Structure formats: structure tokens, C-alpha cells
Amino acid sequence: MNILLVDDQPSKLLTYEAILTELGENLIKAASGTEALQHLLKNDIAVVLTDVSMPGIDGFELADMMRQHPRFQKTPILFISAIHLSDPDRIKGYERGAVDYISVPVIPEVLRAKVSVFAELHRKRRELERLNRELEQRVAERTEELRERADLLDLATDPILVRDMDGAVRFWNSGAENLYGWKREEIQGQNLHEVLKTKFPVPFNQIMSSLEGTQRWEGNLVQVTRGGEEITVAFRKALKTDEAGNPSAILEIGRDMTATLRAEQGLRTAEKLAAMGRVAGIIAHEINNPLEAILNIFHLLRGHSSLDAQAREYAKMAENELLRVAHIVKHTLNFYREAQQPVAVSVSDALDNVIELQARNIQLQGVTLEKRYVADAVIQGFPGELRQVFMNLIGNAVQAMPRGGRLRISVREELNPKTQNKRLSIFVSDTGSGVKPEHAKQLFEPFFTTKATKGTGLGLWISKGIVQKYDGSIQFRSMSSSGSATCFRVMIPGHVVRERQMEAVEAVV
């Protein structure tokens, strides 16, 4: 340990040196307070032994200057005084950092004992600080290693990627292979975001700034798989640094959120549609009451003696139109008023109700309607759900023929070749523009539509879900060899209550 001896008299310095040599420590001598400060700045001093009365910077001033420097605030100071110090002087020294006083004549044993204690305390403190630094470094290294291993184990089924600061892939786990379709050896060394055609929610430089600032970033990225499918992946990114503290790599852990986000959006849209249906039912119910009163008034008006024949004819025409409105209101109520328990639903009646609601569109577009109900069948279910399926199919068919065409609707009983059980097949065919081959696989997916901004892309998806709830299925075929034609086929388990052979009914409704 370095022990600093400060006195302006060389003879005293030699005396202190002779007394303390037995300790085996490194003794540094200074002839003034200024010289002592220079030694303090250059060396790690364990204890300072200084005279109180010195020219220039005295012992009290030296102690005061040491305590103002953070490095020397805890350095022990022993004052040596050849004169008797008063209590105020001693208090003044203690306030400036003195830990003890030694009076002249100096007793060698006392001086050695006191200096030895402070030197040993300094040695222990330095050793403890070194051990603490080593322990902190080991704990930090071990904690980081365990954290990385825990992340990899916890998210092993999700994509885990490591790329360098230039974007080249350095690590690609099996979860990434399963999600994106590229094998590890195929993508190793390639630019990650170029291969995946990544779309960022914010500018890329903003993400890098966040990583450099906090070493963390979280967000959703839109990427493209090897098969061309666009997916949304929630990523957590962490910046790794080398021993010098420079950024070296980026660890990325992702989770495919595509299905979850679509389901959430579908649920929100379905809730909106359900709310719209309930509102329509409420409005229809409110219209029904005054409508009934108006019908009664027209019934009385037609027989009033003050009207001539022409006026009665006009009143009858108005009453007929009001009856038509009342019929539409009734069907609207039936469409959205759902039963609490499944009931027997006539398939032909449900189809006729939907056709009646679509009658105006069929007429305006010059569509020829052909119906063939070979079997009059009953299904146990909810009328509103089945009408919703038929409304989607018939509505789409009519919209596909803006310049006229033929709409064919038929019902017949068939035998399921797999189960050998009877089932009902409902066919809805049109001679419209047809379905493009590239759209065939996506037709029943949520939010896919061929109607640009006019469609929500939920109609066929919801219809398929309803049919599957009845243990049924829905299929379609579209041909364009000799004129376009599209046919949707709904197959649902049911039973025939009576057979009725019917000729095709053909008319422009």
C-alpha cells in the first residue's frame, strides 16, 4: 500500500520513514501540500500522514482540498502536531476529514499501529471492490446466456431468426422453415427483408433507431411466404452487441398472427352485420303497426259511397301495393327473428321467401327465373340462418347477370355415397360472368370478394360456416366453354315430408 508522508522538514520525514519501514509498505514523501496533491493524483494512496503547520498549504487546507475531490473523500488522514491543539482546532481537523491526531514526540509503536490499521483497511476495501466487479461481470454474462436460452426454449415452435447489421440471415430455426417455406441452407446469408418482401408499420430507420436506443423493438410486419401468401407476423427484436459495445446482430422472435387478426376482423364485421339485422327487424316491427292502420283505412275507403268507380279502382290499387309492402315487412321480421330452439323449416318456403325479397332486382335486370322443387323437404334448424344462406347465393347469382340471364333454383333428394344416408341438395345456377379459375380457391375465404368495393367478402364465408353447422357442405362449379355458367350446390341432411313432381316454372318475375 502507498503511504503518503507530508512535512516541510526533511528531518521529520526521515524519522517517519524510519519508524514505518517495518510495515513493508511503499512510503512516499512530500515536502509541501502542493507536492502532496501531485502524488495523490498520480498514485492510489491508502493513508496520508501530514503535519498541521506548514508554509503555503497547511495540513487543514490539504485535508479540505482532498475532501472536495470524489477520489479522495474516503482516504484516511492522520494529523501530526508539535504544539498542543485546542479542542476547537481538533474539531476543525475532524470536520476536514481527519481520522486521528498524533502528538510530538511521536511514539513509534503507536504510529506504526495506527498507520498499519488504515493500510490494511484500504487493502481489504480494494480487494472487496475487485471481487465485486468480477462477480457482477460473471452474473451479467450468466444472466444474458440464460435469457437467450430461455427465449429459444420458450418459443421453439415460433420463428426465431438472427441476422447481422446488414440484414444477412445468420440463424434460421425450424419454426421459421415451417412458417416461411425456405430451408435454413437456402436462406443462410441472404437479405432477410428482401426475401420476405417485408412491409414495415413505420420507416425502417425508425425501427433501427429504437433498437440502438433501447435495444428492443416490437411490432407487426407483413411478409410473403415462399408460396406467395401474405402473412402478418408479430415480432420482438433485440439488439446484440460485441465486447466493445458495438452492435453486432439482431435477434428476432416472431409469431404468426394472420389467422388471429382475420378472425378478430371477421368477428367485428359479423357483430356489425348482426346489429344491422336487429335494427332492420326493429324498424320492420315499428312500420308494421301504422301499416296495418293504413290498410284498414283503405279497406273502408274502397266501400265509401262518395267514391266513383275510378276512385275505387285507384284505392284498390293502392291497397294492393300496401299489401305487398306488408308482405315484405313480414318476411323481413321472419328473416331476423331467430327461434331459440331448432324448428322444422321448409326448404321450398325458405327459398320462395328469399326469391320474393329479390323479386324487384330480378325484374329490373331482366333475369328469367326457373324453379324445380322435385322434393318438398324439411330441415331441423333456424329459419333465419337458412334464409341468409339462400339470400347470399341467390343475391350473388342475380348480381352476376346485370344484363339479364337465366336463374335456375332446384331442390332434390340424394343419397350420400359416403354415409349412404339421404340428404337434400339445393342448386342455385346462373348464366352470369362465372368465377375465374384463379379465384376458385379463395372464394370461401373471409374478406375475399370479386365485387371490388361493393362487397365485404363475408357472404360465402358465413354461408359455408352455417351449412357446416348443419353437418352439410357447399360446393360450386363454373364453366365458360359454351357460354358462362356457375352453379352452387348446398347439401344438408334432411328428410322429405312429401314427394311432388313439378314441371319447371319459367317466368320473368
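What counts and what doesn't
- Residues numbered from 1 in each chain as written.
- Predicted model: local features only at pLDDT ≥ 70, side-chain atom pairs only at ≥ 80, totals over all residues.
- Heavy atoms only, no water.
- Helix = DSSP H or I, 4+ residues; strand = E, 2+ residues; numbered from the N terminus.
- Buried < 20%, exposed > 50% of the residue type's maximum accessible area, 1.4 Å probe, protein only.
- Contact = heavy atoms within 4.5 Å.
- Core = buried A, V, L, I, M, F, W, Y, C linked by side-chain atoms within 4.5 Å.
- Axes fitted to C-alpha atoms, helices over the stretch in contact; angles between N-to-C directions.
- Parallel < 35°, antiparallel > 145°, perpendicular 65-115°, else oblique.
- Left-handed = near helix turned anticlockwise from the far one by under 90°.
- Nonpolar A, V, L, I, M, F, W, Y, C, P; charged D, E, K, R; others polar.
- pLDDT = per-residue confidence, 0-100.
- Phe/Tyr/Trp six-rings, centres within 6.5 Å; stacked < 30°, edge-to-face > 60°.
- Salt bridge = Lys/Arg side-chain N within 4 Å of Asp/Glu carboxyl O.
- Pairing = 2+ DSSP bridges.
- Expected span 1.5 Å × (residues − 1).

Attention shifts here to the overall build of the protein. A tally of helices and strands in the protein yields 15 helices and 19 strands. In the protein, which comprises 509 residues, the proportion classed as buried is 37%. Put simply, 61% of the contacts in the protein that link residues at least 6 apart link residues at least 24 apart.

Attention now moves to the nonpolar core. Leu351, Phe390, Ile394 and Leu407 are the most contacted members of the largest nonpolar core, which totals 39 residues. The biggest single contributor to this core is helix H14 (residues 383-399), with eight residues. Those residues in contact with Leu351 that lie beyond four places of it in its chain are Tyr373, Phe390, Ile394, Ile409, Val411 and Ile426. Val169, Trp172, Ile187 and Leu221 belong to the second largest nonpolar core, which has 21 residues in total.

Relative orientation of the contacting elements H14 and helix H15 (residues 459-469) amounts to 140°, with a least axis distance of 9 Å. For the element pair H14 / H15, the angle class is oblique. Considering only the axes of H14 and H15, their crossing is left-handed. Seen from H14, the contacting residues are Glu385, Gln388, Val389, Asn392, Leu393 and Asn396; seen from H15, they are Gly459, Leu460, Ile462, Ser463, Ile466, Val467 and Lys469. Residues that form the contact of H14 with H15 fall into these classes: six nonpolar, five polar and two charged.

Here the protein averages 80 in pLDDT, while 81% of its residues score no lower than 70. Within the model, pLDDT remains below 50 along residues 499-509, and this stretch shows 30 contacts once partners closer than five positions in the same chain are excluded.

Take Asn396: it is sitting in helix H14. Separated by 34 residues in sequence, Asn396 and Asp430 have C-alpha atoms that sit 9.3 Å apart.

This part is about the packing of aromatic side chains. A full pass over the atoms with the stated rule returns four aromatic pairs. Arranged with centres 5.3 Å apart and planes meeting at 85°, the rings of Phe60 and Phe79 form a pair that is edge-to-face. Taken together, the positions of Phe60 in helix H3 (residues 59-67) and Phe79 in strand E4 (residues 77-81) put the pair 19 residues apart, joining distant regions of the chain. Like Phe79, Phe60 is buried. Note on Trp172 and Tyr180: the rings are 5.5 Å apart at their centroids and 40° apart in plane angle, and the pair reads as tilted.

Our focus in this paragraph is the pattern of salt bridges. What the rule picks out here adds up to 21 salt bridges. Among the salt bridges present, the one from Arg123 reaches Glu25, with a minimum N-O distance of 2.8 Å. Highlighted residues: Arg123 in helix H5 (residues 108-154) and Glu25 in the loop between helix H1 (10-20) and strand E2 (26-30), separated in sequence by 98 residues. Judged by its relative accessible area of 19%, Glu25 falls in the buried class. One salt bridge connects Glu127 with Arg130, and the closest N-O pair in it is separated by 2.4 Å. In this pair, Glu127 and Arg130 both sit in helix H5, three residues apart, roughly one turn of the helix. Of the residues examined, Glu127 reaches a relative accessible area of 36% and is grouped as partly exposed.

Along the chain, Ser348 falls in helix H12 (residues 347-357). Considered as a pair, Ser348 and Ser410 are 62 residues apart in the sequence and their alpha carbons are 9.2 Å apart.

Turning our attention to the environment of Arg236. Position of Arg236 relative to the elements: it lies in strand E9 (residues 230-241). With relative accessibility at 45%, the residue Arg236 sits in the partly exposed group.

Next up on the list: the sheet that holds E9. Two modes of strand pairing occur in sheets, parallel and antiparallel, and in both the strands are linked by backbone hydrogen bonds. What the five strands build is an open sheet, ordered E7-E6-E10-E9-E8; its pairing is antiparallel. Two strands in the sheet have a free side with no partner beyond their single neighbour: strand E7 (169-172) and strand E8 (216-224). Strand-to-strand twist across the sheet, computed as the mean angle between neighbouring axes with direction ignored, equals 25°. Pairing between E9 and strand E10 (residues 247-256): nine bridges, direction antiparallel.

With that settled, consider H14. Helical periodicity: at 3.6 residues per turn, an α-helix aligns residues three or four positions apart in one direction. Taking 1.5 Å per residue as the helical rise, H14 with its 17 residues ought to reach 24 Å, and the 24 Å between its terminal C-alpha atoms agrees with that figure. The element H14 is largely enclosed, with a buried count of 14 among its 17 residues.

Moving on to the pairing of strand E17 (residues 485-492). Looking down a regular strand, the side chains alternate between one sheet face and the other. Pairing geometry for strand E15 (residues 422-430) and E17, over seven bridges, is antiparallel. Paired with Leu424 across the two strands is Ile492, which belongs to E17. Here strand E16 (residues 473-479) pairs with E17 via seven bridges, running antiparallel. Within E17, the residue paired with Ser478 across the bridge is Thr486.

Below, the discussion takes up unusual backbone geometry. With a phi angle near 50°, Lys197 is a residue other than glycine that sits in the positive phi range. Considering the arrangement of structural elements, one finds Lys197 in the loop between helix H8 (192-196) and helix H9 (204-214).

Okay, the pairing of E9 next. Judged from the nine bridges that link them, E8 and E9 form a sheet pairing that is antiparallel. For Val224, the partnering residue across the bridge sits in E9 and is Glu230. Counting the residues in the hairpin turn of E8 and E9 gives five residues, including Gly228, whose phi is positive at 90°. Hairpin geometry of E9 and E10 is characterised by an intervening segment of five residues between the two adjacent antiparallel strands and by a positive phi of about 90° at Gly245.

To describe two helices that pack against each other, one gives the angle between their axes and the distance between the axes. Running from amino to carboxyl end, helix H2 (residues 33-42) crosses H3 at an angle of 30°, the nearest separation of the two axes being 10 Å. By the angle class used here, H2 and H3 are roughly parallel. Taken as a pair, H2 and H3 cross one another with a handedness that is right-handed. Every residue of H3 that contacts H2 at Gly33, Ala36, Leu37 and Leu40 is listed here: Leu62, Met65 and Met66. Here the contact of H2 with H3 is composed, by residue class, of six nonpolar, one polar and no charged.

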